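A closer look at the structure
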Amino acid sequence: MEDITFDEKNRILDRNQIMQKIKRMAYELYENNFEEKDFLLAGIQENGYLLAQLLATELQNIAGVKIELASITLNKIYPLEHPILVEPANINLEQRVVILVDDVLNTGKTLAYAMQAFLKTEVKKVETVTLINRHHTLYPINATYTGLSLSTTLQEHIRVVLTEGERFGAYLI
């Protein structure tokens, strides 16, 4: 990635703003699922999984419910040409609430294909969490919980950095 993508003037969310949005989404998620004893947070690699980890920490602080994390790996450009991997592979999905997590919702393609992995079993329900919703959906996917709704042009892109360091943030490029 070019350094220009991390220019301070392109930052739309800093660390504190992202953490506040994660905290709010955790409260919303718990409020809408307060009767549940546990959640499965399934994050799409790589940023969706990092976001799921941060969300799990907030949920633990709020409610102390059991959180299980899963990692989803898929080819975002050619999802049918490669297997969709869920790790750990032996997760029990029967009658569980699955929260599918990704950093940016653009066309909905990634979330639509990732969801397939959870529709082979009788799950209780599937909800989606996204840090930023760009509103360019081409697939019938909506975010149940969104940190920031942002109207962008098709030529603009969002880069989210959730690893430790000064670049932690969301950038419009």
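As the structure is a prediction and not an experimental result, all values here were calculated from the model.

Conventions we followed
Residues numbered from 1 in each chain as written. Predicted model: local features only at pLDDT ≥ 70, side-chain atom pairs only at ≥ 80, totals over all residues. Heavy atoms only, no water. Pairing = 2+ DSSP bridges. Helix = DSSP H or I, 4+ residues; strand = E, 2+ residues; numbered from the N terminus. Axes fitted to C-alpha atoms, helices over the stretch in contact; angles between N-to-C directions. Contact = heavy atoms within 4.5 Å. Phe/Tyr/Trp six-rings, centres within 6.5 Å; stacked < 30°, edge-to-face > 60°. Lys NZ or Arg CZ within 6 Å of the ring centre and 35° of its normal. Expected span 1.5 Å × (residues − 1). Buried < 20%, exposed > 50% of the residue type's maximum accessible area, 1.4 Å probe, protein only. Parallel < 35°, antiparallel > 145°, perpendicular 65-115°, else oblique. Left-handed = near helix turned anticlockwise from the far one by under 90°. Nonpolar A, V, L, I, M, F, W, Y, C, P; charged D, E, K, R; others polar.

1. Regarding the sheet that holds strand β1 (residues 11-14)
Here three strands make up an open sheet; going across it, the order is β1-β9-β8 and the pairing antiparallel. Strands with a single pairing partner mark the edges of an open sheet, and in this sheet they are β1 and β8 (158-161). Between one strand axis and the next, the sheet turns through 15° on average, direction left out of account. Relative to strand β9 (residues 169-172), β1 runs antiparallel, the two sharing three bridges. Its bridge partner being in β9, Asp14 is matched across the sheet by Gly169. Helix α1 (residues 15-32) contacts β1 and β9 of the sheet and is inclined by roughly 65° relative to β1.

2. Describing the packing of aromatic side chains
Any two aromatic rings considered together are summarised by their centre-to-centre distance and by the angle between their planes. Counted according to the given criterion, the structure contains one aromatic pair. Judged by centre distance (6.3 Å) and plane angle (65°), the rings of Tyr113 and Tyr139 are edge-to-face. Linking Tyr113 in helix α3 (residues 109-115) with Tyr139 in the loop between β6 (125-133) and β7 (145-149), this pair joins segments that are 26 residues apart in sequence. Over the ring of Phe168 we find Arg15, and its NZ or CZ is 4.1 Å from the ring centre.

3. Some points on helix α2 (residues 47-63)
Across its 17 residues, α2 extends 24 Å between first and last C-alpha, which sits within 8% of the 24 Å expected from 1.5 Å per residue. Turning to α2, its buried residues number three or more, namely Asn47, Gly48, Leu50, Leu51, Ala52, Leu55, Ala56, Glu58 and Leu59. Buried residues in α2 make contact with α1, β2 (38-44), β3 (66-73), β5 (97-105), β6 and β8. Once α2 ends, the next one or two residues include Gly64, with phi positive near 70°.

4. Overview of the packing of α1 against α2
Taken N-terminus to C-terminus, the directions of α1 and α2 make an angle of 60°; their axes are 9 Å apart at the nearest point. Between α1 and α2, the angle falls in the class oblique. Where α1 crosses over α2, the handedness of that crossing is right-handed. Contact residues: Met19, Ile22, Lys23, Met25, Ala26, Tyr27, Leu29 and Tyr30 in α1; Leu51, Leu54, Leu55, Glu58, Leu59, Ile62 and Ala63 in α2. A breakdown of the residues in the contact of α1 with α2 according to their chemical character gives 13 nonpolar, no polar and two charged.

So, to be careful, I would describe these as geometric facts and stop short of saying anything about function.
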